[in-house]
Amino acid sequence: MNDRHQGGSASIVTLIYLRYLDLSTIEMKDLPNSICKLYNLQTLRFYGMYPLSKLREEFEKPNIYKLVYSWSLDESKGYEINHEHVLDGLQPHPNLKTLAVMDYLGTKFPSWFSEELLPNLVMLKLSCCIRPTFYGVDVNNNGSSSNIQVFPLLKKLVLSYMYSLIEWKGDEAGVIMFPRLEKLSITDCPLLKSTPNQFEILRELSIEGVDNEMPLLNLCNNLTSLVELRVSYMKELTCLPNEMLHNNLSL
């Protein structure tokens, strides 16, 4: 930033109760040091800035409870490595409750993408993340680890526009997937053929744009708490199993 921007930013620190700051229309490559003193800031919007050290400090603020990470389409060489580097440098505070990752083209999620570092996460949305592994634990451990819990507080999970997703694992021995999940939405994942079936307290399920009927049948196999079910654009589905209606009396 030039001196003019630096001078103007000094007055921001006096707004100690500021909760929302939109910098998306301002061209800058760095954030001023004073912005890190906005202790009550809950929402920070920006566009086109690279994640420098002060920006990481901003995302580590304890009062930011909701974050959306979104990428524009980038087909340049090495784009997946750049995406991974950017996301890895934007570790949020453990108090984060809602996280959305959209159009992420990296092949893996960052090391902080785990239940240990995001223990309070209750809502997770993954949209157009066509290349990475689904979550940050090895579910192919053949039982070598016991009682691994993946995001134990998560209540809502949204998967959308994941056109290459074929198999969703999670029923392996020793892995407990989202034990408190109440709402699950799967949209436009046409190749998806398998899902876990251990969401025992799931109340709301929405499946749209999934050709194969097996994901729906797997998810509803052990359910008794379903209240709301939305199904559309499922080419291979011919009928709902009788057990689903009998076991979910509140549906």
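This text gives an overview of the structure that appears in the document. Keep in mind the model is a prediction, meaning the values are calculated, not measured. (Residues numbered from 1 in each chain as written. Predicted model: local features only at pLDDT ≥ 70, side-chain atom pairs only at ≥ 80, totals over all residues. Heavy atoms only, no water.)

## Quick word on the environment of Leu223
At step 1: Residue position: Leu223 is located in the loop between helix H4 (214-220) and strand S11 (228-232).
At step 2: Along the primary structure Leu223 and Ile201 are separated by 22 residues, whereas in three dimensions their C-alpha atoms are 7.2 Å apart.
At step 3: Aside from chain neighbours lying at most four places away, what touches Leu223 is Phe199, Glu200, Leu202, Asn247 and Asn248. (Helix = DSSP H or I, 4+ residues; strand = E, 2+ residues; numbered from the N terminus. Contact = heavy atoms within 4.5 Å.)

## Quick look at unusual backbone geometry
At step 1: A positive phi is found at Asp103, a non-glycine position, where the angle reads about 60°.
At step 2: Judged by its relative accessible area of 31%, Asp103 falls in the partly exposed class. (Buried < 20%, exposed > 50% of the residue type's maximum accessible area, 1.4 Å probe, protein only.)

## Quick word on the sheet that holds strand S5 (residues 123-127)
At step 1: Spatially, 7 strands are ordered S3-S4-S5-S7-S9-S10-S11 in an open sheet, and the strand pairing comes out parallel. Each edge of the open sheet carries a strand with a single partner, namely strand S3 (66-70) and S11. Strand-to-strand, the axes of this sheet are offset by a mean angle of 5°, without reference to chain direction.
At step 2: Judged from the 5 bridges that link them, strand S9 (residues 183-187) and strand S10 (residues 204-208) form a sheet pairing that is parallel. Counted as the bridge partner of Thr187 is Glu208 from S10. (Pairing = 2+ DSSP bridges. Axes fitted to C-alpha atoms, helices over the stretch in contact; angles between N-to-C directions.)

## Things to note about the packing of aromatic side chains
At step 1: Taken as a whole and judged by the stated rule, the model has 10 aromatic pairs.
At step 2: On the numbers, 5.8 Å between centres and 40° between planes, the contact of Trp168 with Phe199 is tilted. Here Trp168 is found in the loop between strand S7 (156-160) and strand S8 (175-177), whereas its partner Phe199 is found in the loop between S9 and S10, with 31 residues between them in sequence. Here Trp168 matches Phe199 in class, with each residue buried.
At step 3: Through a chain of ring-to-ring contacts, three or more aromatic side chains come together here, namely Tyr69, Trp71, Tyr104, Phe109, Trp112, Phe113, Phe151, Trp168, Phe178 and Phe199.
At step 4: The residue whose ring lies beneath Lys97 is Tyr65, and the NZ or CZ to ring-centre distance is 5.4 Å. (Phe/Tyr/Trp six-rings, centres within 6.5 Å; stacked < 30°, edge-to-face > 60°. Lys NZ or Arg CZ within 6 Å of the ring centre and 35° of its normal.)

## Quick notes on the pattern of salt bridges
At step 1: All chains considered together, the criterion is met by 1 salt bridge.
At step 2: The partner of Arg230 in a salt bridge is Glu228, with the nearest N and O atoms 1.9 Å apart.
At step 3: On the basis of relative accessible area, Arg230 is assigned to the partly exposed category, the value being 37%.
At step 4: The class for Glu228 is partly exposed, based on a relative accessible area of 31%. (Salt bridge = Lys/Arg side-chain N within 4 Å of Asp/Glu carboxyl O.)

## Some thoughts on a nonpolar patch on the surface
At step 1: Residues Leu240, Leu245 and Leu251 make up a contiguous nonpolar surface patch of about 230 Å² in total accessible area.
At step 2: Within the secondary structure, Leu251 sits in the segment after helix H5 (242-247).
At step 3: For Leu251, a relative accessible area of 38% translates into the label partly exposed. (Patch = residues over 30% accessible without salt bridge, like charges linked within 9 Å, V, L, I, M, F, W, Y side chains within 5 Å. Areas by Shrake-Rupley, 256 points an atom, 1.4 Å probe, with all protein chains shown as cover.)

## Some details on the state of the cysteines
At step 1: Taken as a whole, this structure holds 0 disulfides when the rule is applied.
At step 2: Free of any disulfide, Cys128 has its nearest cysteine sulfur in Cys129, 7.5 Å distant. (Disulfide = S-S within 2.5 Å.)

## Considering the nonpolar core
At step 1: Formed by 48 residues in total, the largest nonpolar core has its most connected members in Leu99, Trp168, Phe178 and Leu184.
At step 2: Per-element tally for this core: the top contributor is H4, with 3 residues.
At step 3: Counting 7 residues, the second largest nonpolar core, distinct from the first, contains Leu23, Cys36, Leu38 and Leu44. (Core = buried A, V, L, I, M, F, W, Y, C linked by side-chain atoms within 4.5 Å.)

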